[in-house]
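Chain residues, written in single-letter form:
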Amino acid sequence: MADEYAFEMAASSLRFGAGVTREVGSDLADLGVRRVLVVTDPNLVARAPVQAVLESLHAAGIEAVLFDQVRVEPTDLSFKAAIAFATARPTDGIVAVGGGSVIDTAKAVNLYTSYPPADFLDYVNAPIGKALPVPGPLKPLIAVPTTAGTGSETTGVSIFDFTGMHAKTGIASRRLKPTLGLLDPDHTRTMPPQVAASSGLDILSHAVESFTAIPYSSRPRPERPALRPAYQGANPISDIWSLQALRIVAACLVRAVDDPDDDEARAQMMLAASYAGVGFGNAGVHLPHGMSYPVSAQVTHYRAPGYPADHPMVPHGVSVILNAPAVFRFTAAANPARHLQAAAALGADVARVHEADAGRVLADRITWFMQRLGVPNGLAAIGYSRADIPRLVEGTLPQHRVTRLSPRPAEPDQLAALFEDAMVAW
Ligand SMILES: NC(=O)c1ccc[n+]([C@@H]2O[C@H](COP(=O)([O-])OP(=O)(O)OC[C@H]3O[C@@H](n4cnc5c(N)ncnc54)[C@H](O)[C@@H]3O)[C@@H](O)[C@H]2O)c1
Ligand SMILES: [Fe+2]
């Protein structure tokens, strides 16, 4: 099969500004929406972002149906509950107000109520599901993020924990992309510091992974354009967004976590989340995310400070960043120059660094952020031991969609070595 010769950029429309949430009713009215499903989680429902959305809808004469039962780190079961709720109360548009858990749930609700599949797994990524293409356009979906992290407001990806398999997986289609992302930096002021840290480290890893992913030109060329994956591999457009996201993370992440009243740092981090979303949404992520899926799905007792205590969970950004230093020490050999560029964008002094040390320098820089932001010291600190490695490897293997984008292929033995290296971070 011939190598790929083209790359494409797809992203949601984005609008940024403090207070911009008040425009949502007017946007939906212009889209012809009369009755809208507002999706959020139990912790956010009484807070200002949701109230601002409801007021704006009311002012525009749009009827709102509220679903506030999104599970933080959603599962197939929580997706199904949201879909059942929405199926029983048809609407012609959706607003998601919350973090990635809320926005991803809203995307699934949009797809499954618009084109109900014969089986829940029909749209889910292969080999776990059938990866059937989304048959047509979905309803308007406006995303109002309240974390600065996932970039889900701009991507066509929806991630959930597949409880039957003890691994996270997802649904990916450009058609899942929100119609519009409303970036309102006022909303992130109330994030607990641990949520600000974890979601900020998710941005960091999105950007480094998409910048170091295999080049788009080394993938096979698709038979027709509709089969070109959203995760295309690194390409000149996504590089720009990923590098700029890293520069912002270097300048603003610690400030935004330390001081929620630092309006400038918070606003910049909100932009960085979407920038990295545009970057990885068109290039893809690789091993740190692929390995994070079993790490988050197989956790047995860890409960994260700052997050709801109703179930054991590892915040997504933490599960990703715990793998990142080990991965980049491993992948740097495939493209040392890019790993050094990423380290430099993150603020490392790379002037006299030899290429052979690129992986160590990037890993050390990431570890500095982890220490400074109080992330647990490795997989061991969230309850994993060497005995868990075979199952962690097993849960990573089906994540082809992302792991095949690694600049250096990782076979099961190498994945095991990476998990071992990630047990203790410093
Ligand atoms: N679709 C994508 O492209 C994509 C990319 C990365 C991650 N994800 C997914 O997103 C999820 C993680 O999302 P997240 O990191 O945004 O966090 P989250 O949505 O899981 O929320 C974490 C916690 O923070 C609370 N919270 C959120 N905003 C708040 C605010 N402003 N004030 C007070 N509390 C607030 C929530 O109520 C929740 O308790 C994971 O399921 C992950 O797999 C998706
Ligand atoms: Fe992520």
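Residues numbered from 1 in each chain as written. Chains lettered and ligands numbered in written order. Predicted model: local features only at pLDDT ≥ 70, side-chain atom pairs only at ≥ 80, totals over all residues.

### Topic: the environment of Arg 329
The cut-off we apply is this: The helix and strand labels rest on DSSP assignments: H or I over at least four residues marks a helix, E over at least two residues marks a strand, and numbering proceeds from the N terminus. Contact between residues is assigned whenever the C-beta positions, reconstructed from backbone atoms, fall within 7 Å.
If you trace the backbone, Arg 329 turns up in helix H10 (residues 324-331). Considering only alpha carbons, one finds Arg 329 and Val 249, 80 residues apart in sequence, at a separation of 21 Å. Ignoring sequence-local partners within four residues, the contact set of Arg 329 consists of Gly 359, Arg 360 and Ala 363.

### Regarding the site of ligand 1
Which entries qualify depends on this criterion: Proximity of a residue to a molecule or strand is defined by its backbone-placed C-beta atom lying within 6 Å of that partner. Nonpolar residues are Ala, Val, Leu, Ile, Met, Phe, Trp, Tyr, Cys and Pro. Charged residues are Asp, Glu, Lys and Arg, and all others, Gly as well, are polar. Segmentation of the chain into domains, including their bounds, is taken from an automatic or database domain assignment.
Around ligand 1, the surrounding shell holds 33 residues, and the nearest of these are Asn 43, Gly 99, Gly 100, Ser 101 and Thr 147. The set of elements that each furnish at least two residues to the shell around ligand 1 consists of helix H4 (100-114), strand E6 (157-162), helix H5 (193-212) and helix H9 (316-321). Here the shell around ligand 1 gets four residues from one element, more than from any other, and that element is H4. Here the residues of the shell around ligand 1 sort into 10 nonpolar, 19 polar and four charged. When residues of the shell around ligand 1 are assigned to domains, at least three fall in each of domain 1 (19-183) and domain 2 (191-421).

### Considering the nonpolar core
The condition is simple: A set of buried residues qualifies as a nonpolar core if it consists of Ala, Val, Leu, Ile, Met, Phe, Trp, Tyr and Cys joined through C-beta atoms within 7 Å. Partly exposed residues are those whose C-beta has more than 12 but fewer than 20 other C-beta atoms within 10 Å; with 20 or more the residue is buried, with 12 or fewer it is exposed, and the C-beta atoms are placed from the backbone.
Counting 134 residues, the largest nonpolar core has Val 39, Val 95, Ala 96, Ala 245, Val 249, Met 269 and Ala 272 as its most contacted members. A per-element tally of this core places helix H7 (residues 263-283) first, with 11 residues. There are two domains that each give this core at least three residues, and those are domain 1 (19-183) and domain 2 (191-421). Look past the residues within four positions of Val 249 in its chain and what remains in contact with it is Gly 200, Ile 203, Leu 204, Ala 272 and Leu 346.

### Describing the sheet that holds strand E5 (residues 141-145)
Two strands in a sheet stick together by hydrogen bonds in their backbones, pointing the same way (parallel) or opposite ways (antiparallel). Note the following rule: Paired strands, in this sense, are two strands between which DSSP finds at least two bridges. Inter-axis angles, ranging from 0 to 180 degrees, are taken between N-to-C directions of lines fitted to C-alpha atoms, where helices are fitted over the stretch in contact.
Read across the open sheet, the six strands follow the order E1-E8-E5-E4-E2-E3; overall the sheet is parallel. The open sheet has two edge strands with one neighbour each: strand E1 (13-16) and strand E3 (63-67). Within this sheet the neighbouring strands show an average axis-to-axis angle of 20°, counted without direction. Bridge analysis of strand E4 (residues 93-98) against E5 gives five bridges, and the strand direction is parallel. For Ile 94, the partnering residue across the bridge sits in E5 and is Leu 141. Packing against the sheet, H4 makes contact with strand E2 (35-39), E4 and E5, and its axis sits at approximately 165° to E4.

### Focus on the pairing of strand E7 (residues 167-172)
Along E7, six of the six residues are buried, which leaves the element largely enclosed by surrounding structure. Residues Ala 167, Thr 169 and Ile 171 line one face of E7 and the alternating positions Lys 168, Gly 170 and Ala 172 line the opposite face, and both faces are buried. Direction of pairing for E6 relative to E7: antiparallel, over a ladder of six bridges. Each bridged residue has a counterpart across the sheet, and for Phe 160 the counterpart in E7 is Thr 169. Here E6 hands over to E7 after four residues, with His 166 in that stretch at a positive phi of 55°.

### Here's the deal with helix H3 (residues 76-88)
Heads up, the condition is: Expected helix span is taken as 1.5 Å per residue step, with the number of steps being one fewer than the number of residues. Note that the arc is defined by the directions from the helix axis to the C-beta atoms.
Across its 13 residues, H3 extends 18 Å between first and last C-alpha, which sits within 8% of the 18 Å expected from 1.5 Å per residue. Within the sequence span of H3, burial applies to Ser 78, Phe 79, Ala 82 and Ala 86. All buried residues of H3 fall inside an arc of 105° around its axis, so they share one side. Turned more than 90 degrees off the buried face of H3, the exposed positions are Ala 84, Thr 87 and Ala 88. Where H3 is buried, its residues contact E2, E3, H4 and E6.

### Looking at the packing of helix H11 (residues 336-345) against helix H12 (residues 358-372)
Under the convention used in this document: For classification, angles of less than 35 degrees are called roughly parallel, those exceeding 145 degrees roughly antiparallel, those between 65 and 115 degrees roughly perpendicular, and all remaining angles oblique. Left-handed describes a crossing in which the near helix is turned anticlockwise from the far one by less than a right angle; the clockwise case is right-handed.
Close contact between H11 and H12 brings their axes to 8 Å; oriented N to C, the two are set at 25°. In terms of orientation, H11 lies roughly parallel with respect to H12. Considering the relative orientation of H11 and H12, their crossing is left-handed. Across from Pro 336, His 339, Leu 340, Ala 342 and Ala 343 in H11, the residues of H12 making contact are Ala 358, Gly 359, Val 361, Leu 362 and Arg 365.

### Remarks on the domain arrangement of the protein
What the domain assignment reports for the protein is domain 1 (19-183) and domain 2 (191-421). Relative placement of domain 1 and domain 2: their C-alpha centres are 24 Å apart. Each partner contributes to the interface: domain 1 provides 27 residues, whereas domain 2 provides 31 residues. When contributions to the side of domain 1 that touches domain 2 are tallied by element, the ones reaching two or more residues are E7 and strand E8 (180-183). The biggest single contributor to the side of domain 1 that touches domain 2 is E7, with four residues. Classifying every residue of the side of domain 1 that touches domain 2 by side-chain character gives eight nonpolar, 14 polar and five charged.

### Details of the packing of H5 against helix H6 (residues 236-258)
Where H5 meets H6, the closest approach of the two axes is 9 Å, and the angle between their N-to-C directions is 155°. On the basis of their axis angle, the class for H5 and H6 is roughly antiparallel. Note that H5 runs across H6; the crossing there is left-handed. Where H5 abuts H6, its residues Pro 193, Ala 196, Ala 197, Gly 200, Ile 203, Leu 204, Ala 207, Val 208, Ser 210 and Phe 211 lie against Ser 238, Asp 239, Ser 242, Leu 243, Ala 245, Leu 246, Val 249, Leu 253, Ala 256 and Val 257. Taken together, the residues of the contact of H5 with H6 break down into 15 nonpolar, four polar and one charged.

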